[in-house]
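Below, each chain spelled out in residue letters.
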Amino acid sequence: MIKMLTRLKLIFILCAITSCSHIPSPLTPSNPDAWMERERNACLPTAIVFRESLRKYNIWAEVVGYQFDYTNVKNKKSSGHAIVAYMYPTGQNKLWTYDHWGSYRVRAYNDDPLDIARKSVEARQEDRYVTSAHFHQ
């Protein structure tokens with residue numbers, strides 16, 4: 001009887017411990033250097049680091065740089081952004097884009113940076129128009 005009570009207590013304790021632990025189950029990979037996202041104008045270095053971390057695992061990934069139709073009046077420069085486009089999970093035809101807002105699924109051809117950029121802006125519900133885009137090498 002004492003062995004049975006001891007076993008029940010042990011089972012109860014193990015159940016309590018495992019039910020309180022958080023086991024993350026992300027649908028998409030996360031950026032290993034997320035601290036970079038908090039830096040001002042760090043979209044390009046963040047995208048490069050994330051691309052390289054995905055490539056280590058043989059995941060197709062490219063950095064997409066794009067420009068908006070907005071021009072900063074003070075310094076007469078056009079505004080732009082950089083994201084990572086990647087296929088995940090491997091072997092499936094699912095294109096995602098990543099930036100400091102997180103990962104968003106987009107439906108575009110992975111060889112068309114302009115369409116990827118426009119669909120990314122649309123998925124994030126930004127009120128901007130992408131005028132040009134390119135892959136960063």
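Just so it is clear, the structure is predicted and the values come from calculations on it, not from any experiment.

Trainee: Residue-level account of the confidence of the model for the chain, with values.
Mentor: Of all residues in the chain, 65% attain a pLDDT of 70 or more, and the chain-wide mean is 79. Per-element averaging of pLDDT across the chain places helix 1 (residues 2-20) at the bottom with 49 and helix 3 (residues 113-123) at the top with 97. The model gives residues 12-26 a pLDDT under 50, and that stretch makes 0 contacts with residues more than four places away or in other chains.

Trainee: So what about the nonpolar core? Which residues, and what values?
Mentor: In this structure, Val64, Tyr66, Leu95, Ile116 and Val130 are the most contacted members of the largest nonpolar core, which totals 13 residues. Looking at this core, the elements with two or more residues in it are strand 1 (61-72), strand 2 (77-87) and helix 3. If you look at the next biggest cluster of nonpolar residues, it comprises 11 residues, including Phe50, Leu54, Ala82 and Tyr86.

Trainee: How would you explain the packing of aromatic side chains if you had to name every residue and give the values?
Mentor: A complete count under the given rule lists 3 aromatic pairs for this structure. On the basis of an interplanar angle of 90° and a centroid distance of 5.4 Å, the ring pair of Tyr66 and Phe68 is categorised as edge-to-face. The same class applies to Tyr66 and to Phe68, which are both buried. Clustering of aromatic rings is evident, with ring pairs tying together Phe50, Tyr86 and Tyr98. Sitting over the face of the ring of Phe68, Arg128 holds its NZ or CZ atom 4.4 Å from the ring centroid.

Trainee: Mind laying out the pairing of strand 4 (residues 102-106), listing which residues take part and the relevant values?
Mentor: Sheet topology note: the strand 3 (residues 95-99)/strand 4 ladder contains 5 bridges and is antiparallel. The residue bridging Thr97 from the neighbouring strand is Tyr104, located in strand 4. A loop of 2 residues connects strand 3 with strand 4, the two strands running antiparallel in sequence.

Trainee: An account of the environment of Tyr86 is needed here, citing residue identities and associated values.
Mentor: Among the structural elements, Tyr86 can be located in strand 2. Judged by relative accessible area, which is 0%, Tyr86 ranks as buried. Considering only alpha carbons, one finds Tyr86 and Asn110, 24 residues apart in sequence, at a separation of 8.2 Å. Looking at Tyr86, its side chain comes within polar contact range of the side chain of Ser103, at 2.7 Å.

Trainee: Run through unusual backbone geometry, naming residues and quoting values.
Mentor: A negative phi angle characterises most non-glycine residues, just as the trans form characterises most peptide bonds. The linkage connecting Tyr88 with the following residue, Pro89, adopts the cis geometry, with an omega of -5°. Following the sequence through the fold, Pro89 ends up in the loop between strand 2 and strand 3. One non-glycine residue, Asn58, adopts positive backbone phi at about 60°. Mapping Asn58 onto the fold places it in the loop between helix 2 (43-55) and strand 1. One non-glycine residue, Gln125, lies in positive phi territory at about 55°. In this fold, Gln125 is placed in the loop between helix 3 and strand 5 (130-136).

Trainee: Can you tell me about the pattern of salt bridges, naming the residues and giving the values?
Mentor: Applying the stated criterion to the full structure yields 5 salt bridges. Residue Arg51 pairs with Glu52 through a salt bridge whose shortest N-O separation is 2.9 Å. Owing to a relative accessible area of 34%, Glu52 belongs among the partly exposed residues under this scheme. Here Glu52 makes a salt bridge to Arg55, at a shortest N to O gap of 3.7 Å. Here Arg55 and Glu52 lie together in helix 2, a separation of 3 residues that amounts to about one turn. Residue class for Arg55 comes out partly exposed when judged on its relative accessible area of 34%. One network of salt bridges, with partners in common, ties together Arg51, Glu52, Arg55 and Glu62.

Calculation notes
Within every chain, residues take consecutive numbers counted from 1 along the sequence as written. Under the rules for a predicted model, residues below a pLDDT of 70 receive no local features and side-chain atom pairs below 80 are neither given nor counted, while totals for whole chains, interfaces and linings still include all residues. The side-chain quantities take in all heavy atoms of the structure and omit both hydrogens and water. Confidence of the prediction at every residue is given by pLDDT, a number between 0 and 100. By definition, any uninterrupted DSSP run of H or I lasting at least four residues is a helix, any uninterrupted run of E lasting at least two residues is a strand, and each is numbered from the N terminus. Contact definition: two residues touch when any of their heavy atoms are within 4.5 Å. In these notes, a set of buried Ala, Val, Leu, Ile, Met, Phe, Trp, Tyr and Cys residues joined through side-chain atoms within 4.5 Å is what counts as a nonpolar core. Using a 1.4 Å probe on the protein chains alone, a residue whose accessible area is under 20% of its type maximum counts as buried, one over 50% counts as exposed, and one in between counts as partly exposed. The rule is short: rings of Phe, Tyr and Trp, with Trp giving its six-membered ring, pair when the centres are within 6.5 Å, and they are stacked under 30 degrees, edge-to-face over 60, tilted in between. Charge-over-ring placement is defined geometrically: NZ (Lys) or CZ (Arg) within 6 Å of the ring centre, and within 35 degrees of the ring normal. Two strands are counted as paired when DSSP detects at least two bridges linking them. Whenever a nitrogen or oxygen atom comes within 3.5 Å of another N or O atom, the pair is scored as a polar contact, on the condition that within protein one atom can donate a hydrogen and the other can accept it, and that pairs from neighbouring residues in sequence are kept only if both atoms are in side chains. When a carboxyl oxygen of Asp or Glu lies within 4 Å of a side-chain nitrogen of Lys or Arg, that pair is called a salt bridge.

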